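An overview of the molecular structure
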Amino acid sequence: MEFPEGVTIIPLSKEYLKKAIKLVESVFTDEEDSVRREIEASVYEKKFEKYITKIDRHTKSLEYFIAVDPKGRLMGIIGIYTLIENYKDTLWIGWYCVDKKHRRRGVGKLLLDFSITKARERNKSYICLYTSTDRNEEEAQDIYDKYGFYVTEIVHKDGYNILFRKKTL
Ligand SMILES: CC(C)(COP(=O)(O)OP(=O)(O)OC[C@H]1O[C@@H](n2cnc3c(N)ncnc32)[C@H](O)[C@@H]1OP(=O)(O)O)[C@@H](O)C(=O)NCCC(=O)NCCS
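Presented here is a report on the structure given in the accompanying data block. (Residues numbered from 1 in each chain as written. Predicted model: local features only at pLDDT ≥ 70, side-chain atom pairs only at ≥ 80, totals over all residues.)

**A look at the overall build of the chain**
Each helix and strand counted, the chain has 5 helices and 7 strands in total. Each helix (α) and strand (β) of the chain, taken in turn from the N terminus, gives the series β-α-α-α-β-β-β-α-β-α-β-β. Expected size for 169 residues packed as a compact globule is a radius of gyration near 15 Å; at 15 Å, the chain falls within 12% of this value. Overall size of the chain, expressed as C-alpha extent along the three principal axes, is 40 × 35 × 35 Å. Long-range pairs, those at least 24 residues apart, make up 56% of the contacts in the chain with a sequence separation of at least 6. (Helix = DSSP H or I, 4+ residues; strand = E, 2+ residues; numbered from the N terminus. Rg over C-alpha atoms; globule rule 2.2 N^0.38 Å. Contact = placed C-beta atoms within 7 Å.)

Laid out in structure tokens, this is it:
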């Protein structure tokens, strides 16, 4: 695998907001407004207040980080968030994806490593996520298995399963 030379990971800013939403919506289709609402809430304080009071009362914090190439092009994104019920020991990963044209070059690993480092720096004991057996998310299962995110729960849906995965740090 080619090492993703020159790729940097930076916090999502207003400058990249539209592109980030477009990327996530192109990968996770059928999500209606939830992608936009969550990503915007991570950048605008007022939207975050609305989000945690009206949309998802479980969220405690919400941040996104993006991988950009040396020319400043967006390559991938990862969300890290905490929930009120377990924020002390658990960091959650959300809307994690790499643009199709930049896959298989190590950018996904870079983003995942970055999140694991953040979780350790913040003294978390676990890093959790939910994913699915949907074809779109198939490639991620291999990387999650390799990184030791074990399946803690399977929820059966119409034609696919939702998998809850957890890694002990
Ligand atoms: C999962 C995803 C982020 C990986 O991004 P990426 O930049 O291609 O990942 P990397 O190049 O760093 O590869 C990391 C590992 O992923 C696995 N992987 C990536 N693409 C794969 C493929 N097509 N088939 C099988 N495994 C694959 C491999 O384990 C690879 O490690 P290896 O190169 O040592 O074999 C990307 O495939 C993606 O955006 N998928 C769609 C969205 C998604 O499923 N997100 C997670 C949902 S919760």
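Having seen it, we continue.
**Quick look at the site of the ligand**
Close contacts around the ligand come from 21 residues, with Cys-97, Arg-103, Gly-108, Lys-109 and Ile-143 the closest. Mapped onto the shell around the ligand, the elements with two or more residues apiece are strand S4 (90-98), helix H4 (107-121), strand S5 (126-132) and helix H5 (138-146). The biggest single contributor to the shell around the ligand is H5, with 5 residues. Among the residues forming the shell around the ligand, the class breakdown is 9 nonpolar, 4 polar and 8 charged. (Near = placed C-beta within 6 Å. Nonpolar A, V, L, I, M, F, W, Y, C, P; charged D, E, K, R; others polar.)

**Topic: the sheet that holds S4**
Across the sheet, 7 strands lie side by side as S1-S2-S3-S4-S5-S7-S6; this open sheet has mixed pairing. Two strands in the sheet have a free side with no partner beyond their single neighbour: strand S1 (8-11) and strand S6 (150-156). Each adjacent strand pair in this sheet contributes to an overall mean axis angle of 25°, direction not counted. Two elements, S1 and strand S2 (residues 59-68), share 4 bridges in a ladder whose sense is antiparallel. Bridge assignment links Thr-8 to a residue of S2, and that residue is Val-68. (Pairing = 2+ DSSP bridges. Axes fitted to C-alpha atoms, helices over the stretch in contact; angles between N-to-C directions.)

**A short note on the environment of Pro-4**
Among the structural elements, Pro-4 can be located in the segment before S1. A residue is classified by how many C-beta atoms lie within 10 Å of it, and Pro-4, with 19 of them, is partly exposed. The sequence separation of Pro-4 and Arg-104 amounts to 100 residues, and the corresponding C-alpha distance is 9.6 Å. Other than its neighbours up to four places away in sequence, Pro-4 contacts Arg-105, Gly-106, Val-107 and Leu-110. (Buried ≥ 20, exposed ≤ 12 C-beta atoms within 10 Å, placed from the backbone.)

**Some remarks on the pairing of S2**
Across 9 bridges, S2 lies against strand S3 (residues 74-83) in antiparallel orientation. By the bridge assignment for S3, Glu-63 is matched with Ile-80. Between S2 and the antiparallel strand that follows it, S3, lie 5 residues; Gly-72 among them carries a positive phi value of about 85°.

**Here's the deal with unusual backbone geometry**
For Trp-95, which is not glycine, the phi torsion reads 40° and is therefore positive. Located in the positive-phi region is Asn-123, a residue other than glycine, with phi close to 60°. Tracing the chain through its elements places Asn-123 in the loop between H4 and S5.

**Things to note about helix H2 (residues 34-43)**
Within H2 the residues assigned to the buried category are Val-35, Glu-38, Ile-39, Ala-41 and Ser-42. What you see down the axis of H2 is that its buried residues fit within an arc of 155°, all on one side. On its buried face, H2 sits against helix H1 (14-27), helix H3 (45-55), S2 and S4. (Arc of directions from axis to C-beta.)

**Quick word on the environment of Ile-21**
The residue Ile-21 is located in helix H1 in this model. Placed 74 residues apart in sequence, Ile-21 and Trp-95 show a C-alpha to C-alpha distance of 9.9 Å. For Ile-21, the contacting residues outside a window of four places in its chain are Val-35, Arg-36 and Ile-39.

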